[in-house]
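Geometric and topological summary
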Amino acid sequence: MLKKSVCRGAVMGALAGALALYAGGSAEAAWGTDIVGQTAITSFEATAGALEFPPVADDHMKVWVLTAPDGEAAFWWRKEADEGRTFDVFLCFDAEPFVNAGLDLGKLPDDMKEMLDDRGKLMIGKKLSKEALAYDGEITPISSFEQIVKLDRESVGYHAALDHYGVTVADGFLFEWAKDMSTNDKDIVFVLDPKLFIDAGVNPAKVEGWNYAKVPLEDARGRKFEAEKFLKPFDLK
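Residues numbered from 1 in each chain as written. Predicted model: local features only at pLDDT ≥ 70, side-chain atom pairs only at ≥ 80, totals over all residues. Heavy atoms only, no water.

**Remarks on the packing of aromatic side chains**
Counted according to the given criterion, the structure contains 22 aromatic pairs. Where Phe98 meets Phe197, the ring centres are 4.7 Å apart and the plane angle is 25°; that geometry is what we call stacked. One end of the pair, Phe98, is in helix 2 (residues 96-100); the other, Phe197, is in helix 5 (residues 195-198), with 99 residues separating them in the sequence. By relative accessible area, Phe98 is classed as buried at 0%. An aromatic cluster is defined as three or more aromatic residues linked by ring pairs; in this entry it consists of Phe44, Phe75, Trp77, Phe145, Phe175, Trp177, Phe190 and Phe234. When the ring centre of Trp64 is taken as reference, the NZ or CZ atom of Lys79 above it lies at 5.0 Å. (Phe/Tyr/Trp six-rings, centres within 6.5 Å; stacked < 30°, edge-to-face > 60°. Helix = DSSP H or I, 4+ residues; strand = E, 2+ residues; numbered from the N terminus. Buried < 20%, exposed > 50% of the residue type's maximum accessible area, 1.4 Å probe, protein only. Lys NZ or Arg CZ within 6 Å of the ring centre and 35° of its normal.)

Here it is, written out as structure tokens:
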């Protein structure tokens, strides 16, 4: 049996609302006038500060780690550039709920199973810009996140339906946080595309700790459609 996480949270409630088109900026956008990018940083800082366990550094991986309150998922982002690392931003989450729901690990991409042996985790993510990180002052979780927004602006967007900002770590896989926690009861949300897991044998209705829901989306042309997602939301206050 796969090793469980140290902490387990309460059963999650259903996520109300929808995921909508992300309003990302172009690389050519002027940083000083990028309201979405700037507010993404300030809201991320507020969210990180509201966590019972704030983001911590993993110096071996050269990343920061923001762990979900139930200990079963985490968002990782780069602290330092590392050409040898597979991902710069990624989601890391317990494999056990998916295995218990029928997942055949042999049908997953090899890079998703990199952490499986020692931590019982799966991960998915991507490399970002190859540009060097340029810190002005202390290296902190927020200053490292600011580097993502500045150097890889297209990965960060605004989700109007839930008033969330978010980072796309892979196609259909995101970490989201509330623009304003005082008016939002879903302060952070981990989002997974279920197709990868269903194709590998998972019964989505049997995955514990994740909500399986059909949500409306919009494509780049504003055309509406629906898609299923695995969702893990948390109210931090």
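From this point, things continue past the structure.
**Regarding the nonpolar core**
Ranked by size, the top nonpolar core spans 50 residues in total, and within it Phe75, Phe93, Phe98, Phe190 and Phe197 carry the most contacts. Residues in contact with Phe98, not counting those within four places in the same chain, are Phe93, Leu103, Leu192, Phe197, Val202, Val207, Trp210 and Phe230. By size, the runner-up hydrophobic cluster in this structure holds 10 residues, among which are Met61, Val63, Phe87 and Phe90. (Core = buried A, V, L, I, M, F, W, Y, C linked by side-chain atoms within 4.5 Å. Contact = heavy atoms within 4.5 Å.)

**A few points about the pattern of salt bridges**
Taken as a whole and assessed by the stated rule, the structure comprises 12 salt bridges. Residues Arg78 and Asp152 are paired through a salt bridge, measuring 3.4 Å at the closest nitrogen-oxygen approach. Of this pair, Arg78 sits in strand 3 (residues 73-78) while Asp152 sits in the loop between helix 4 (141-151) and strand 6 (156-159); the two residues are 74 residues apart in sequence, bridging distant segments of the chain. Asp152 shares its class with Arg78; the two are buried. Notably, a salt bridge pairs Lys186 with Asp185, separated by 2.7 Å at the nearest N-O pair. The network of salt bridges with shared partners includes Arg78, Asp88, Lys127 and Asp152. (Salt bridge = Lys/Arg side-chain N within 4 Å of Asp/Glu carboxyl O.)

**Observations concerning the confidence of the model for the protein**
Averaged over all residues, the pLDDT of the protein equals 83, while 82% of them reach at least 70. Ignoring residues within four places in sequence, the model shows residues 1-31, a span with pLDDT below 50, making 81 contacts including any to other chains. (pLDDT = per-residue confidence, 0-100.)

**A closer look at helix 4**
Among the 11 residues that make up helix 4, eight are buried, leaving the element largely enclosed by the rest of the structure. Buried within helix 4 we find Pro141, Ile142, Ser143, Ser144, Phe145, Gln147, Ile148 and Val149.

**With respect to helix 1 (residues 35-50)**
Along its 16 residues, helix 1 runs 23 Å from first to last C-alpha, staying within 8% of the 22 Å computed at 1.5 Å per residue. Among the residues making up helix 1, those that are buried are Gly37, Ala40, Ile41, Ser43, Phe44, Thr47 and Ala48. (Expected span 1.5 Å × (residues − 1).)

**Notes on the pairing of strand 4 (residues 89-94)**
Most of strand 4 sits inside the fold, with six of its six residues counted as buried. Bridge count for strand 3 against strand 4 is five bridges, and the pairing is antiparallel. If you follow Trp76 over to strand 4, its bridge partner there is Phe90. Where strand 4 lies against strand 5 (residues 121-126), six bridges are found, and the strand directions are antiparallel. Paired with Phe93 across the bridge in strand 5 is Leu122. (Pairing = 2+ DSSP bridges.)

**Quick look at the sheet that holds strand 2 (residues 63-67)**
Spatial strand order, 1-2-3-4-5: five strands in an open sheet with antiparallel pairing. Edge strands, defined here as strands with exactly one partner in the open sheet, are strand 1 (56-58) and strand 5. Across the sheet, the mean angle separating the axes of adjacent strands is 25° when strand polarity is ignored. Bridge analysis of strand 2 against strand 3 gives five bridges, and the strand direction is antiparallel. Bridging across to strand 3, Leu66 finds its partner in Phe75. Each of strand 2, strand 3 and strand 4 is contacted by helix 4, which is oriented at about 70° to strand 3, the strand it contacts most. (Axes fitted to C-alpha atoms, helices over the stretch in contact; angles between N-to-C directions.)

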